[in-house]
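Chain by chain, the residues:
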Amino acid sequence: MTSRTQSASAAATPGEAGGQPAYPAAESPNGRPNGHAPRASLEASLEEVQETARRIAANVERVLVGKPEVIRIALVTLLAEGHLLVEDVPGVGKTSLAKALARSIDCTVSRVQFTPDLLPSDVTGVSIYNRQTGEFEFRPGPVFANIVVGDEINRASPKTQSALLECMEEHQVTVDTSTYRLDAPFMVIATQNPIEMEGTYALPEAQRDRFTARVSIGYPDQAAELAMVDEHAGHNPLAELGPVSDGAAVERLIETVRAIHMAPEVRRYAVDLAAATRQAPEIRLGASPRATLHLVRAARAQAALSGREYVVPDDLHAVAGPVLAHRLVLTTEAHAARRSATDVVRAVLHRVPVPQGSAGTRS
């Protein structure tokens, strides 16, 4: 399957291995470079990020009414080159959010309905023997698209869920010793019911760790539900939804997010937050190094959506819950005390000192 978009060349990420800092001069503790005016090109790019994000958010809000925070996290995940897990009870709009975000971007989209009898080859593709040529031909599966919507992912067996591990982490698929690259941008948006629901399998830790963020939509308030009844009862808003951006534009936005500056103090703060989850007494399994990378990328995306060319601690606070909570495994005592992973992340944010002199405040 050929995408409508071409992968842009990956720029080195500032402050990480192999990359040069965006601002080589001295920096202030709040993450903003001293003595350097913002680059005009970056300012223009940030304006494009904000304008495109505003259009996509407005488009999705036509379907998912009254949930701006959920839509924000979805956009942060998209710009951070990540994958989104939407977990909630049936009927609150999980699939609608995934499909609305996919339809808002003019790129290749596929949908997989996960069921107990789904096979890994149904997701990745399969090699079929061609009797005319006497050779095996690869038939790509639905994973070969820019945006893959996986509906009720935890209704499939762990064997089938594992078919997504390679493509989510390495953007490639290996079938019968042959490796096939996936086109960029590539994003998996998966929905799942709570594990207490009948007929579901808990996602393995390795699978959860590959999702950049997890959101729960929750029930709408009365005003939003009334507006939904008034506007959606007579027609399906998804049927009228058209794209407001395309894959090439999303690639440009991702390049802009990669250029967002992150001062050493703020990077160290992100590492301290992840390390604190590994030492917390309520947690049996803390955040992985991959989680730290996802936290940094999401904070850069949050800063770009705020129109800033640098990251402040508040950006880390804004994304820490969705990025870290679903990766944590709590102790039996924490479960008995009815502590949630989100509660533990909030406690970590208050426990770890913010860099001195930073512009961020505690959440």
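Data block above holds the structure.
Here the structure is a predicted model, which is why all the values come from computation and not from measurement.

Undergrad: Tell me about the overall build of the chain, residues and numbers included.
TA: Within the chain, the secondary structure is distributed over 14 helices and 13 strands. For the chain, buried positions account for 52% of its 363 residues. Intrachain contacts of the chain at a sequence separation of at least 6 include 77% that bridge at least 24 residues. In the structure as shown, the chain presents an accessible area of about 16600 Å², 51% of it carried by carbon and sulfur atoms.

Undergrad: Give me the nonpolar core: which residues, what numbers.
TA: Core analysis: the biggest nonpolar cluster contains 79 residues, and Leu75, Leu84, Leu101, Ile189, Leu273, Leu295 and Leu316 have the highest contact counts within it. Element by element, the count of residues in this core is highest for helix α11 (residues 289–305), at 9 residues. Filtering out sequence-adjacent residues up to four positions away, Ile189 remains in contact with Leu84, Val86, Ala98, Leu101, Ile147, Val148, Val149 and Gly150.

Undergrad: Which residues make up empty space enclosed by the protein, and what values go with them?
TA: One pass over the full model with this rule turns up 1 cavity of 30 Å³ or more. Roughly 40 Å³ of internal volume is contained in the largest cavity. Lining the largest cavity are Leu78, Ile105, Cys107, Asn146, Ile147, Pro185, Phe186, Met187, Gly247 and Val250. Of the residues that constitute the lining of the largest cavity, the class distribution is 8 nonpolar, 2 polar and no charged.

Undergrad: Any details on unusual backbone geometry? Residues and values, ideally.
TA: The linkage connecting Ala184 with the following residue, Pro185, adopts the cis geometry, with an omega of -5 degrees. Along the polypeptide, Pro185 turns up in the loop between β8 (178–181) and β9 (187–192). The phi torsion at Glu81 lies on the positive side, around 60 degrees, for a residue other than glycine. Examined against the element boundaries, Glu81 turns out to sit in the loop between α2 (68–79) and β1 (84–87). Here Glu81 falls in the partly exposed class, since its relative accessible area comes to 31%. Of note in this structure, Glu152 is not a glycine but carries a positive phi near 55 degrees. Judged by relative accessible area, which is 21%, Glu152 ranks as partly exposed.

Undergrad: Outline the pairing of strand β3 (residues 109–113), listing residues and values.
TA: Here β3 shows a buried face lined by Ser110 and Val112 and an unburied face lined by Val109, Arg111 and Gln113. Looking at chain direction, β3 and strand β6 (residues 147–151) are connected through 5 bridges and run parallel. Bridging from a neighbouring strand, Gln113 pairs with Asp151 of β6.

Undergrad: Any chance you could break down the pairing of β1 for me, citing the residues and the numbers?
TA: The alternating pattern of β1 places Leu84 and Val86 on one face and Leu85 and Glu87 on the opposite face, and all of these are buried. As paired strands, β1 and β9 are joined by 4 bridges and run parallel to one another. When the bridges of β9 are listed, Val86 appears paired with Thr191.

Undergrad: Tell me about the environment of Leu285, residues and numbers included.
TA: Checked against the element boundaries, Leu285 lands in strand β12 (residues 283–285). Judged by its relative accessible area of 39%, Leu285 is partly exposed. Residues Leu285 and Arg327, spaced 42 residues apart in sequence, show a C-alpha to C-alpha distance of 8.0 Å. Aside from chain neighbours lying at most four places away, what touches Leu285 is Glu205, Arg327, Leu328 and Val329.

Undergrad: Go over helix α12 (residues 313–324) with me, naming the residues and quoting the values.
TA: Taking 1.5 Å per residue as the helical rise, α12 with its 12 residues ought to reach 16 Å, and the 15 Å between its terminal C-alpha atoms agrees with that figure. In terms of residue burial, α12 counts as a mostly covered element, since 9 of its 12 residues are buried. All buried positions along α12 are accounted for by Pro313, Asp315, Leu316, His317, Val319, Ala320, Pro322, Val323 and Leu324. Where α12 is buried, its residues contact α2, β10 (213–215), α10 (264–279), α11 and α14 (341–351).

Undergrad: Would you mind going over the sheet that holds β10 in detail, with residue names and values included?
TA: With parallel pairing, the 5 strands of this open sheet are ordered in space as β3-β6-β9-β1-β10. Edge positions in the sheet fall to β3 and β10, since each of these pairs with one other strand and no more. The sheet shows a mean angle of 15 degrees between the axes of neighbouring strands, direction not considered.

Undergrad: Please set out the packing of α2 against α12 residue by residue, giving values where relevant.
TA: In the contact formed by α2 and α12, the axes pass within 11 Å of each other and the chain directions differ by 85 degrees. Classified by the angle their axes make, α2 and α12 are roughly perpendicular. Of the residues in α12, those touching α2 at Arg72, Ile73 and Val76 are Ala318, Val319 and Pro322. Here the residues of the contact of α2 with α12 are counted per class, giving 5 nonpolar, no polar and 1 charged.

Undergrad: How would you sum up the packing of aromatic side chains? Please name residues and give values.
TA: Evaluated as defined, the whole model comprises 4 aromatic pairs. Measuring from centroid to centroid gives 5.7 Å for Phe138 and Phe144, while their planes differ by 65 degrees, and the two rings are edge-to-face. In this structure Phe138 comes out as buried when scored by relative accessible area, which is 18%. Phe144 sits in the buried class, given a relative accessible area of 9%. Aromatic ring contacts, followed pair by pair, group Phe138, Phe144 and Tyr180 into a single cluster. Looking at Arg308, its charged tip hangs above the ring of Tyr310, at a distance of 5.8 Å from the centre.

Rules used throughout
Residues numbered from 1 in each chain as written. Predicted model: local features only at pLDDT ≥ 70, side-chain atom pairs only at ≥ 80, totals over all residues. Heavy atoms only, no water. Helix = DSSP H or I, 4+ residues; strand = E, 2+ residues; numbered from the N terminus. Buried < 20%, exposed > 50% of the residue type's maximum accessible area, 1.4 Å probe, protein only. Contact = heavy atoms within 4.5 Å. Areas by Shrake-Rupley, 256 points an atom, 1.4 Å probe, with all protein chains shown as cover. Core = buried A, V, L, I, M, F, W, Y, C linked by side-chain atoms within 4.5 Å. 1 Å grid on protein atoms, 1.4 Å probe; cavity = no way out; pocket = protein on both sides within 12 Å on 5 of 7 lines; lining within 4 Å. Points joined across faces, edges and corners; volume = space filled by probe spheres on them. Nonpolar A, V, L, I, M, F, W, Y, C, P; charged D, E, K, R; others polar. Pairing = 2+ DSSP bridges. Expected span 1.5 Å × (residues − 1). Axes fitted to C-alpha atoms, helices over the stretch in contact; angles between N-to-C directions. Parallel < 35°, antiparallel > 145°, perpendicular 65-115°, else oblique. Phe/Tyr/Trp six-rings, centres within 6.5 Å; stacked < 30°, edge-to-face > 60°. Lys NZ or Arg CZ within 6 Å of the ring centre and 35° of its normal.

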